[in-house]
Amino acid sequence: MGLLVDGVWHDKWYDTKSTGGKFKRSDAKFRNWITADGSPGPSGTGGFKADSGRYHLYVSYACPWAHRTLIFRKLKNLEDYISLSVVHPDMLGDGWTFATDDKGATGDTLYGLPFARDIYLKADPRFSGRVTVPILWDKDRETIVSNESSEIIRMFNSAFDTLTGNTEDYWPEELHDPIAPVNDRIYDTLNNGVYKSGFATTQAAYDAAVVPLFDTLEWLEERLESNRYLMGDTLTEADWRLFTTLVRFDPVYHLHFKCNLKRLIDFPNLWAYTRALYQMPGIAETVNFDHIIRHYHYSHDSINPHRIIPVGPALDFTAPHGRG
Ligand SMILES: N[C@@H](CCC(=O)N[C@@H](CS)C(=O)NCC(=O)O)C(=O)O
């Protein structure tokens, strides 16, 4: 685990000293958008036109943020249009690597480079910041289009529609307003909340994260009692953003990140909803529990110094969900 400063790699854990024990996630630095015609998106510069074979996605199967982009690549039939590399699940002193000695880790199928940081350095030899996945790469301009998952999924949602003919819309115009506060609460208290809980280095920072986290789970449990999806009958990006955290909850966050007031399976609606999403066509193929469980327990030696990988829990994501 580390970061680049002026193009030089430093093997350093997150700094929580300056924040009273709190984990603070830094903002993604590459914020351009692929658009249908190459015009600029909401941020960054233009010139990234949707095209077949031009873009490459670097992901970790373990990472919930990268997982969102894998799901959208699948849902929007982009697999033949956007190529893929998968990093090794172990993220140690060199950060994410392209080692291939683990099933599912593909190596850097584009350039054969050893480390994910080399992709950042190829885009900007003086890059400063964390080397995170997902990375959306432009093979033509040899640069990073974006390393922000919430924006990558919106590009995937619509930019390639005329090429693929897939016009399914997970961010429909009329739901932009209602989706925003739901995304915000889920991001802050749950998607990022599990990390704030798990990476806290003081009791106060942990308490401040874990209490709102379970409040949000209770709120969602109630919402899903009378709603099939977060926005009622329409399946949206809000559901997929939630799903990648829920699917990791019992295998990782409950034990490793100390989010243990309850398990996901103790919330009947949330658990059935998670199974319903898992069972949608193609989704199970994007979920790699071996990488998920291995990555967290093996990589975070300040939390799990002996790197023992827990045996469970035994969960059946394929059990009937009964949600229509
Ligand atoms: N804002 C980014 C966050 C991505 C992120 O933090 N990914 C984690 C993996 S789950 C990572 O690569 N961490 C490496 C690090 O922080 O050094 C996004 O949503 O795309």
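As the structure is a prediction and not an experimental result, all values here were calculated from the model.

What counts, and where the lines are drawn
Residues numbered from 1 in each chain as written. Predicted model: local features only at pLDDT ≥ 70, side-chain atom pairs only at ≥ 80, totals over all residues. UniProt positions renumbered as here; feature names shortened; annotations may be inferred. Helix = DSSP H or I, 4+ residues; strand = E, 2+ residues; numbered from the N terminus. Pairing = 2+ DSSP bridges. Buried ≥ 20, exposed ≤ 12 C-beta atoms within 10 Å, placed from the backbone. Contact = placed C-beta atoms within 7 Å. Near = placed C-beta within 6 Å. Nonpolar A, V, L, I, M, F, W, Y, C, P; charged D, E, K, R; others polar. Axes fitted to C-alpha atoms, helices over the stretch in contact; angles between N-to-C directions. Bend = angle between axes of the 7 residues up to and from the residue. Core = buried A, V, L, I, M, F, W, Y, C linked by C-beta atoms within 7 Å. Domains from an automatic or database assignment. Parallel < 35°, antiparallel > 145°, perpendicular 65-115°, else oblique.

S.K.: Go over the UniProt feature "domain: GST C-terminal" (unreviewed entry) in the protein, please, and point to the residues and values.
M.R.: In the numbering used here, UniProt assigns the "domain: GST C-terminal" (unreviewed entry) feature to residues 161-296. Regarding residues 161-296, the helix share stands at 63% and the strand share at 0%, and the terminal C-alpha atoms are separated by 35 Å.

S.K.: Before we move on, could you go through the sheet that holds strand E2 (residues 8-10) and cite the residues and values that matter?
M.R.: Across a sheet, paired strands are connected by hydrogen bonds in the backbone, their directions being either parallel or antiparallel. Read from one edge of the open sheet, three strands run E2-E1-E5, paired in antiparallel fashion. Looking along the sheet, the strands with just one partner apiece sit at the ends: E2 and strand E5 (129-130). Both strand E1 (residues 3-5) and E5 contribute to a ladder of two bridges, which runs antiparallel. Bridging across to E5, Leu4 finds its partner in Gly129.

S.K.: Please give an account of helix H3 (residues 149-158) that cites residues and values.
M.R.: Given 3.6 residues to a turn, an α-helix orients residues that are three or four positions apart in the same direction. Counting buried residues along H3, eight of its ten residues qualify, which places the element largely inside the surrounding structure. Among the residues making up H3, those that are buried are Ser149, Glu151, Ile152, Ile153, Arg154, Met155, Phe156 and Asn157. Next to the buried residues of H3 lie helix H1 (64-75), strand E6 (135-138), strand E7 (143-146) and helix H8 (237-253).

S.K.: An account of the site of the ligand is requested, with residue identities and associated values reported.
M.R.: The local shell around the ligand holds 14 residues, among which Cys63, Trp65, Arg130, Thr132 and Ser149 are the closest. Looking at the shell around the ligand, its residues break down into seven nonpolar, five polar and two charged.

S.K.: Pulling in residues and values, what's your account of the sheet that holds E7?
M.R.: Read from one edge of the open sheet, four strands run E4-E3-E6-E7, paired in mixed fashion. Looking at the sheet topology across the chains shown, the edges are occupied by strand E4 (82-86) and E7. Strand-to-strand twist of the sheet, defined as the mean angle between neighbouring strand axes without regard to direction, takes the value 35°. One ladder, built from four bridges, connects strand E3 (residues 55-59) with E6; its direction is antiparallel. Within E6, the position partnered with Leu57 by the bridge is Leu136.

S.K.: So what about the environment of Glu222? Which residues, and what values?
M.R.: Mapped onto the elements, Glu222 comes out in helix H7 (residues 203-226). Classification of Glu222 as exposed rests on a count of 12 C-beta atoms within 10 Å. Note: C-alpha distance between Glu222 and Glu148 (74 residues apart in sequence) is 30 Å.

S.K.: Before we move on, can you summarise H8 with the specific residues and values?
M.R.: The sharpest bend along H8 measures roughly 25° and falls at Phe243. Burial runs high along H8: 16 of the 17 residues are buried.

S.K.: Any chance you could break down the nonpolar core for me, citing the residues and the numbers?
M.R.: Ranked by internal contacts, the top residues of the largest apolar core, which has 82 residues, are Tyr58, Val59, Val133 and Leu270. By residue number, the principal contributor to this core is H8, which donates nine residues. Counting the residues that make up this core, at least three belong to each of domain 1 (3-164) and domain 2 (173-280). For Tyr58, the contacting residues outside a window of four places in its chain are Ser85, Val87, Ala116, Ile119, Val133, Pro134, Ile135 and Trp137.

S.K.: Give me the packing of H7 against helix H9 (residues 268-278): which residues, what numbers.
M.R.: Closest axis-to-axis distance for the H7/H9 pair is 8 Å, and the angle between their directions is 70°. Regarding the angle of H7 to H9, the classification is roughly perpendicular. On H9, the residues touching Leu217, Leu220, Glu221, Leu224 and Glu225 of H7 are Asn269, Leu270 and Tyr273. By residue class, the composition of the contact of H7 with H9 is five nonpolar, one polar and two charged.

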